Amino acid sequence: MYPSRKEAHKILAEAVPHNPGPWETHSKLVALCAERIAAECGLDTAKAYVCGLLHDIGRRFGVKHLAHTYDGYQYMKELGYDDIAKICLTHSFHNQDIHDYVGNYDLPPAEFKELQRLLEQITYDDYDRLIQLCDGMATGEAIVDIEERLREVQLRYGFFPKKKLDKIMELRAYFEEKIGKDIYAVVV
Ligand SMILES: [Fe+2]
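Quick caveat: nothing in here was measured; it's all calculated off a predicted structure.

1. Here's the deal with the environment of Val 30
Thought 1: The topology assignment puts Val 30 in helix H2 (residues 23-40).
Thought 2: Setting aside chain neighbours within four positions, we find Val 30 in contact with Gly 52, His 55, Ile 131, Cys 134, Asp 135 and Ala 138.

2. Here we look at the packing of H2 against helix H7 (residues 126-135)
Thought 1: Axis separation between H2 and H7 bottoms out at 9 Å; the angle between their running directions is 130°. Put simply, H2 runs oblique to H7. Crossing angle aside, the handedness with which H2 passes H7 is right-handed. Residue-level inspection shows Val 30, Cys 33, Ala 34, Ile 37 and Ala 38 of H2 in contact with H7, the latter providing Leu 130, Ile 131, Cys 134 and Asp 135.
Thought 2: Residues that form the contact of H2 with H7 fall into these classes: eight nonpolar, no polar and one charged.

3. Considerations on H7
Thought 1: Burial runs high along H7: eight of the ten residues are buried.
Thought 2: Within the span of H7, buried status applies to Tyr 127, Asp 128, Leu 130, Ile 131, Gln 132, Leu 133, Cys 134 and Asp 135.
Thought 3: On its buried side, H7 packs onto H2, helix H3 (45-54), helix H5 (82-90) and helix H9 (162-179).

4. Digging into the nonpolar core
Thought 1: Ala 34, Cys 51, Leu 54, Met 76, Ile 84, Leu 130 and Cys 134 are the most contacted members of the largest nonpolar core, which has 48 residues in total.
Thought 2: Those elements that provide at least two residues to this core are helix H1 (5-15), H2, H3, helix H4 (67-78), H5, H7 and H9.
Thought 3: The residues touching Leu 130, leaving out its near neighbours within four places in the chain, are Ala 34, Ile 37, Ala 38, Leu 43 and Ala 48.

Definitions and limits used
Residues numbered from 1 in each chain as written. Predicted model: local features only at pLDDT ≥ 70, side-chain atom pairs only at ≥ 80, totals over all residues. Helix = DSSP H or I, 4+ residues; strand = E, 2+ residues; numbered from the N terminus. Contact = placed C-beta atoms within 7 Å. Axes fitted to C-alpha atoms, helices over the stretch in contact; angles between N-to-C directions. Parallel < 35°, antiparallel > 145°, perpendicular 65-115°, else oblique. Left-handed = near helix turned anticlockwise from the far one by under 90°. Nonpolar A, V, L, I, M, F, W, Y, C, P; charged D, E, K, R; others polar. Buried ≥ 20, exposed ≤ 12 C-beta atoms within 10 Å, placed from the backbone. Core = buried A, V, L, I, M, F, W, Y, C linked by C-beta atoms within 7 Å.

Written as structure tokens, this is what we have:
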């Protein structure tokens, strides 16, 4: 289950005042990228768009790091949007490993264990992969070169694991093979 575009925009608009920041524009840009790439490779464009728009909805609950994935998951589950809940969870873990997260591990032990358990049970599909890719293509201001975006993350946190970088590049190649062209030819 996932919301309509209209409902998803309503959810985002309601959320932003709780924690205003660049994640609002970032979410809109990820939604646009996801929609355009989805259109080129036969995925559901409406689903891709709302997955992108709400992937960071956990930021509604404050300035958090790892916890924003868990908060978003719980919030979307409460609203009955299981497909979005899954995206909130998977978008930060390119290698399906909780230790793949770049940022502070700000979850209490019980929630950390729960997140780990959920993550282990999930099977990634093309929507998870698409949002992971598009998350890497958009800052809070613009659609940028992936490597530029990752440099920004690296500067913010002081490091970026090679295994994660390799996985993002693998995702780019995966979608470029599907659409038969450069992803930036589609989104810019
Ligand atoms: Fe996020």
